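Residues per chain, in single letters:
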Amino acid sequence: MTATLRRIQSDDLAQIVHFPFTVSIREPLTDAAQLRAAFDATGFWTDEAGAVAVVEGGQMVGTCQFYRAAPCIHGLELGYILHDPANRGRGLASPAVRALSDLLFAERPAIYRQQLIIEAWNTASWKLAERCGFTREGLLRSSGFGDGDPADCLLYARTRKDWHEEATSLMGVAVSPV
């Protein structure tokens, strides 16, 4: 089956509450009342941040999210999670991340860059980034997630130029619009 994206719905909150950063990278939303209030306020979709459900067979299997990377960067940071580890490695996340990336470039002309920050040990995630057209830009030392000594992270980016070139080429050969 193929995964699709859709906006977060009220019925998704019961599942989302078990995953701290599945709809908000800035704050863990594991309190049901706080999660409901955040959903009611924005539907998890604003100019600066948002989240979508990754759906397979009518069931939400995970989320993709975005948020403003930093005030001085003309772009967004993306994240993703498949909730059940059994769904990982099945090819569901790559098309979801690619679809969200394409959507954000198409709908937000002021966005020139999207980035992923991936812990260096997470080979599956950095391979996903590369499949989705992101380019490795560097290493962020001791910048990982969680408590204690943070892991090193890899920085990946996809630019508006990358997106445009991919959209206007066929097998590496530029084509003119009809």
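1. With respect to the overall build of the protein
Tallying secondary structure elements over the protein gives 5 helices and 9 strands in all. Beginning at the N terminus, the succession of helices and strands in the protein can be written as β-α-α-β-β-β-α-β-α-β-β-α-β-β. Compactness check: the protein gives a C-alpha radius of gyration of 16 Å against a globular reference of 16 Å for 178 residues, within 12% of the reference. Viewed in the frame of its principal axes, the protein has a C-alpha envelope of about 50 × 40 × 35 Å. Burial status across the protein gives 39% buried among its 178 residues. Within the protein, contacts between residues at least 6 apart in sequence are counted, and of these 54% link residues at least 24 apart. Just so you have it, the protein exposes about 9,900 Å², and 56% of that area is on carbon and sulfur atoms. Between the centroid of the 17 positive side chains of the protein and the centroid of its 21 negative side chains there is a distance of 5 Å.

2. Comments concerning the environment of glycine 75
One can find glycine 75 in strand β4 (residues 75-82). Classification of glycine 75 as buried rests on a relative accessible area of 0%. For glycine 75, the residues in contact, after removing those within four places along its chain, are Arg68, Ala69, Ile111 and Arg113.

3. Points about the side chain of threonine 22
Within the secondary structure, threonine 22 is located in the loop between α1 (13-16) and α2 (32-42). Given the relative accessible area of 1%, threonine 22 is considered buried. Of note is the side chain of threonine 22, whose polar atom sits 3.0 Å from the side chain of histidine 83. The residues touching threonine 22, leaving out its near neighbours within four places in the chain, are Ile16, Ala51, Thr63, Gln65, Ile81 and His83.

4. Notes on the packing of aromatic side chains
According to the stated counting rule, one finds 3 aromatic pairs in the structure shown. Centroid distance tryptophan 45 to phenylalanine 66: 5.1 Å. Interplanar angle 75°. Geometry classified as edge-to-face. Residue tryptophan 45 is found in the loop between α2 and β2 (49-56), and its partner phenylalanine 66 is found in strand β3 (residues 59-68); the two are separated by 21 residues along the sequence. Among the residues examined, tryptophan 45 registers a relative accessible area of 18% and is labelled buried. By relative accessible area, phenylalanine 66 is classed as buried at 1%.

5. Describing unusual backbone geometry
Backbone geometry places phenylalanine 44, a non-glycine residue, at a positive phi of 55°. Looking at the element boundaries, phenylalanine 44 is found in the loop between α2 and β2. On the basis of relative accessible area, phenylalanine 44 is assigned to the buried category, the value being 6%. The residue serine 142 is not glycine, and still its phi comes out positive at about 50°. Structurally, the position occupied by serine 142 is in the loop between β6 (135-140) and β7 (153-159).

Conventions adopted
Residues numbered from 1 in each chain as written. Predicted model: local features only at pLDDT ≥ 70, side-chain atom pairs only at ≥ 80, totals over all residues. Heavy atoms only, no water. Helix = DSSP H or I, 4+ residues; strand = E, 2+ residues; numbered from the N terminus. Rg over C-alpha atoms; globule rule 2.2 N^0.38 Å. Buried < 20%, exposed > 50% of the residue type's maximum accessible area, 1.4 Å probe, protein only. Contact = heavy atoms within 4.5 Å. Areas by Shrake-Rupley, 256 points an atom, 1.4 Å probe, with all protein chains shown as cover. Lys, Arg positive; Asp, Glu negative; His and termini not counted. Charge placed at Lys NZ, Arg CZ, Asp CG, Glu CD. Polar contact = N/O pair within 3.5 Å; in protein donor to acceptor, adjacent residues only side chain to side chain. Phe/Tyr/Trp six-rings, centres within 6.5 Å; stacked < 30°, edge-to-face > 60°.

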